[in-house]
Structures are given as C-alpha cells and as structure tokens.
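# Summary of the model geometry
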Amino acid sequence: MPSRLLYPKVSQQEVSWDTATSAISDKIQQVLAESGPEAIGMYVSGQLLTEDYYVANKLMKGFIGSANIDTNSRLCMSSAVTAHIRAFGEDVVPVTYDDLDVTDLIVIVGANTAWTHPVVFRRIQQARDKNPSVKLVVIDPRKTVTAEQADLFLPIANDGDITLFNGLIRYMADNGTIDSRFVEDHTNGSEELLDAVSGNEFQLDEVACQLGVDVQSLTTFYRWFSVSPTAITVFCQGVNQAIDGTDKANAIINCHLLSGKIGKQGSGPFSITGQPNAMGGREVGGLATQLAAHRGFEPDALNFVRDAWDAPNLVQTAGLKAVDLFDAVARGDIRFLWIIATNPAVSLPNSAKVREALAQCECLVVSDISADTDTACYADILLPAAGWGEKSGMVTNSERCMTRQRAFMPAPGSAKPDWKILADVGRKLGYDEAFSFNSEADIFREYAALTAVNTNTPFKLDLSVLAVMSDDEYIHWQPTRWPLTHGASQPLYHDGAFATSNGKANLVVPAQLHSQQLDSEQKKEQGLPLWSLNTGRLRDQWHTMTRTGHITALAQSEPEPTVYMHPVSIQQAGFTVGQLVVMDTASPFLLASTFSDLHHPFDLADSHGRLPSIIVRLQSMMAYA
C-alpha cells in the first residue's frame, strides 16, 4: 500500500526501536511523576488481535495504573454490551451461526446485512433455500438490497425500534402468546414491563400510525413472531448507534425473553459485530468500563486480577470512555495519548474537535501500518505495526468462536506486532517479568489463566483449561466457541441460568428517548432546508478507507460523498438529482445550500481553517431500490 510505515519515527525522524520505546517510556514516567496516571490514555481498536488487546489492557490498568483505555468498538458495540449485561448479567451473545440453519423466522433490524455482512447473509440465503418455509423480515427506514429479499419489509420511521418492539410485547400480551412458565421461572421484571406497554399508545393501530407503516404489515410481523416456534433477531449498527441504542437492544431482548425464544436452537437475539475482533477486545477488558475477563471493578475481581498480574498499580474504578477520553485530551487533562490501529480523526463524532485535541496533545503516539492517515499526521511518535496477514493471534467473532489467525507473509521493514511493541514499552518501564512474553501462545495462556476469575461463578467466559495448552496445541488451534465445557447440542442458556444476582434474566423497561432537535426556527430564518439523516456503510470500503481507499476498483461505486434522498424530496427542496450541495456536519441534520452560492469551498472555513461543512452530491434514493 502507498505510504507504508516501515520504521519508527520520533519528531518525523526515523529512529531505532530502542530510541522510540525509550522516548515513550521516558514520557510516560514524566507524566506519571508530574500529573499521575489519570493523565495517560490509550485508544485501541477491534482490529487488534486478542493478544495485542490483552497486553495493552494489562499495561494500562495493571502497571501504568490508568483505566483510560478504550476502543473504537465503543462506537458500535457498547450499546449491545450494556444491553447484554443489563439483561443477562454478562456480555454474552446467546446465538450462533448454526442457529440460522434451523430457525423458522429471521428478523433483521438496523442492518443492511447483504452489504455489511455478506457471508452471514449468504448463510441466511442458503438456510432459506434449504427450507422455503423460513420467513425473513427486514426492518429499516430505507429499502436496501437486504430488504428487497425479505418476505416482509417494514419501513419504520427513524428511531421507531423501541415503539415497534414494545408494540410486539403488547400484541403478545393481548393474544396470549407470552411464555408464562419461562417468564415466571427465568425472568425478573415482567410486571413492570407489561404495565409499561399497557397504554393506548402501544395498541396495534396506534403503533402502526407512529411508525408510518400499514396495520396489515405490522400485524403480519407480530403474528409471525408470536406463533413461530423459533426466531432469531439479527441487529447491528442501526440499533446500536443511536442515543437510545442500549434501550433498543433491550427492547429486542425483552421480546425473546417474554416469548421464551432464547436458550434453544434457532432462537435468540443476535448482535453481530463489524470489526474482526470486537468481541475479543471485550473479553480481555479493552473497554474503559471493564477490568478483564468480562468482569468489572468489584472487590473479588480486583483481588484476583491484582494477584494474577502481580500488578503494583491496579486501577480501582472505570476510566474515560472514547468520546470523554478525547474531551480530556482537548482540556489538557490527558497529556500522553497512545492510539493503536484506528483513525479517530475521521471516525469519532465531531471530528473537528478531535483534530484540535490531537493537535494540542502534549505527546501523541500512533501505531499503524500507514504514515499517512488523518490521525498519524498529528503524531509525535509513529510506530510501524505489522498488518493483517503479517501477524498471528486469536480473534473472537460474533458467535463467541475463537479462531487463530496465521501470518502468511513477513512484515516489511522493522514493523512489529502490536503486542511486541507494547511489551517492549512495559519492559522499558521496569516491568521485565510481567511483559516477558516470547510468543502469542505465552500471552494467550496467561489470558486463559486470568479467566479463572469466573470459575465456579455464573459467568460463562472461563477459558482456564487452556492455561496449560502447549505451543503445538496453540499452533494447530481449530475454531472453538466458548463456553468450552458446553455440550455441542445444548444452546447457551438452555438451563435458564443467567449471571444475575438471582440467576434470572432481567426484563428492562426501555425509555423512549427523543433525538436532540436543532433550532429549526433559526434554520428557517436562514432560508435553508433541514432534513434528518441516516448514515450507512459503503459496500466496498473498510472503516476510514486508510487501506481500501487506495484501491481504484473499490472506489468506483462511490467516488464522492453522497446523500441519497427520495427524488420528490429533492425536487420539493428546489434541488436536482446530481447537484452539489453544502451539508452542515456540526449536527446530524442536513442543512443545505447550493454549491453555486459559494465562491470557493473554503468560504465555509472558520478563522482556524476548519471546515464545519462538506460538499456532497444529491442522488435519488431510487438508486437503492
């Protein structure tokens, strides 16, 4: 790829690895002495392997003494994580891909699976080919290529998910399809939840009106879900990436718990991830709100981890989450920030503010494979990391399956796997024994041993039997799902035992939140149209395009920033299909004026040269239909 980073750089000058790691160690020690561990942060990525993630978490939370380590998975998966913990007591996805082969009903909500998870969608297609009676329901405000293949498409209004699933609960209650025995034996909070949906606003006609769908289609969906022996609800970023994303996920989980469609083959809520190791990062504690091994900062977990790591500076409480972390950088509270395998200058909300924070950070370290990303441009220290295909280690996918990635090409220049870079810094800081890993297998064995914190507890993540695996067993590892002691024929939660205080799943009453509205009167005074937007994912690109953006063939389908609207809406606004317009990016709304109104694009820039707006091309929504 162009601009491949091959050697460490300090202040834009190529240096040896020893010089680079010494510079990092010296700066960390200076900041620790002057401002304490709270002034140190790390921002990592679901593109890291489990071993990379583990060493980063251990270094920060056990030895530097800062819990200010968070991941870009926060932006996409933290809603589902919190929903799982609220409902099940642990961040566990209770469904596997095998369940797609035996279910009677598949519901896809908040996902254009045919584009974003094509392998999963192909499996869904194959399941329907084998069993034509399998129904597919797609719920999306926009008719996507996924929706085109559905037996039933529900184009609900933006952020209508909670209303939709609360209405389903009301329908099940009115029609006697709630699994009363399962609810009584294995759930908490059913009375509160049923009372919350007892109002007139959750009657069928009212829900249809609120969602902007016809009653017949809504009734069909509710009836199919209610009477179907099994059902899987697949959900992704359209659910997670919302102000009320956690409540949306819990609304889905509630329906499965109330109907008893969980803990048996072909049933359950299925949160699917976007990055290759978002799940593995959650397992080792890569989120600021976790310690390790799915555990928080409760005393028994703190004591176990402190002893296991022999950690001199183990953190006691949660750290700053992703957005808060960069806010702290902007305030100067975080003086040292290490960013690994991610590009927050593009991917975080309010990118202008993030770039400003990066520019003023006292010491910014960036580990990446490219020297030319938007984030790397701000780095004081640049570290060349080995890329995919150049390093080995574990990843965990959406169904809890651990797979070992194997390097198939050498790393160029002096690029290193991220775990080696982190371990080198740990040793420079004086923690030789704690970071004396010789291989990925060494790290994985230590991580597996740490999960013994969950032995003899209701928590499902316990890999401690792998703490004694040999190097040869690690090398020849075959994909395996956890829990490891679980019978292959027994779905997770088949016994109805959850990791809550009383062993029952929690039914959560979701609060219907409303998106923050802009001052529309002010926009009217400016004479500019205002629309609410949904974001989507480019079919042929990966994340912020730092790798795939260099491939000409992949750029051909979407060569420029584009907003898709219904042709009637474009016409009513006084625009034409294909026209260039200016979009205000300071809000989640489209504030447009014609491009011809500007003498030059940089007329939009503020006094610091920042562009709060971007130029986009308007295209017809029909391009998706």
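A brief structural summary. (Residues numbered from 1 in each chain as written. Predicted model: local features only at pLDDT ≥ 70, side-chain atom pairs only at ≥ 80, totals over all residues. Heavy atoms only, no water.)

## With respect to the packing of helix H7 (residues 161-175) against helix H13 (residues 245-259)
To keep things clear, this is the line we draw: Between N-to-C directions, angles span 0 to 180 degrees; the directions come from axes that are lines fitted to C-alpha atoms, helices contributing only their stretch in contact. Strands here are runs of E lasting at least two residues and helices are runs of H or I lasting at least four, both read from the DSSP assignment and numbered beginning at the N terminus. Here roughly perpendicular refers to angles of 65 to 115 degrees, roughly parallel to angles under 35, roughly antiparallel to angles over 145, and oblique to all remaining angles. Here a crossing is called left-handed whenever its near helix is offset anticlockwise from the far helix by less than a right angle, and right-handed whenever the offset is clockwise. We call two residues in contact when some of their heavy atoms are within 4.5 Å.
As a packed pair, H7 and H13 sit with axes 8 Å apart at the nearest point and diverge in direction by 15 degrees. Relative to H13, the element H7 lies roughly parallel. Here H7 and H13 pass one another in a crossing that is left-handed. Facing Asp161, Ile162, Phe165, Leu168, Ile169 and Met172 of H7, the residues of H13 in contact are Asp247, Lys248, Ala251, Ile252, Asn254, Cys255, Leu258 and Ser259.

## Observations regarding the sheet that holds strand S4 (residues 69-71)
Strand pairing in a sheet relies on backbone hydrogen bonds, with the paired strands running either antiparallel or parallel. Here is the rule we go by: Note: two strands are recorded as paired if DSSP finds a minimum of 2 bridges between them.
Taken in spatial order, the seven strands of this open sheet run S2-S1-S13-S12-S11-S3-S4, and their pairing is mixed. Looking at the sheet topology across the chains shown, the edges are occupied by strand S2 (13-14) and S4. On the sheet, helix H19 (residues 418-428) packs against strand S3 (40-44), strand S11 (336-340), strand S12 (363-368) and strand S13 (381-384) and is oriented at approximately 155 degrees with respect to S11.

## Thoughts on the packing of aromatic side chains
Let me state the cut-off plainly: Aromatic rings from Phe, Tyr and Trp, taking only the six-membered ring of Trp, are treated as a pair when their centres fall within 6.5 Å; an angle between ring planes under 30 degrees marks them as stacked, one over 60 as edge-to-face, and anything in between as tilted.
All told, the structure shown has 17 aromatic pairs when counted by the stated rule. Measuring from centroid to centroid gives 5.9 Å for Tyr54 and Tyr447, while their planes differ by 55 degrees, and the two rings are tilted. You can see Tyr54 sitting in helix H2 (residues 50-64) and its partner Tyr447 sitting in helix H20 (residues 440-450), a full 393 residues away along the chain. An aromatic cluster of three or more residues is present, and its members are Tyr54, Trp309, Phe444, Tyr447, Tyr474 and Trp477.

## Points about the sheet that holds strand S10 (residues 268-271)
Reading across from one edge, S7-S6-S5-S9-S10 is the order of the five strands in this open sheet, with parallel pairing throughout. Each of the sheet's edge strands pairs with one partner strand only, and the pair in question is strand S7 (152-154) and S10. Each strand of the sheet is rotated relative to its neighbour by a mean of 15 degrees, with strand direction disregarded. In this structure, strand S6 (residues 135-139) lies alongside S7, joined through three bridges in parallel fashion. Each bridged residue has a counterpart across the sheet, and for Val137 the counterpart in S7 is Leu152. The strands that helix H11 (residues 215-227) touches are strand S5 (105-109), S6, S7 and strand S9 (232-235); relative to S7, the one it contacts most, it runs at about 120 degrees. In the packing of H13 onto the sheet, the strands contacted are S5, S9 and S10, and the crossing angle to S9 comes to about 170 degrees.

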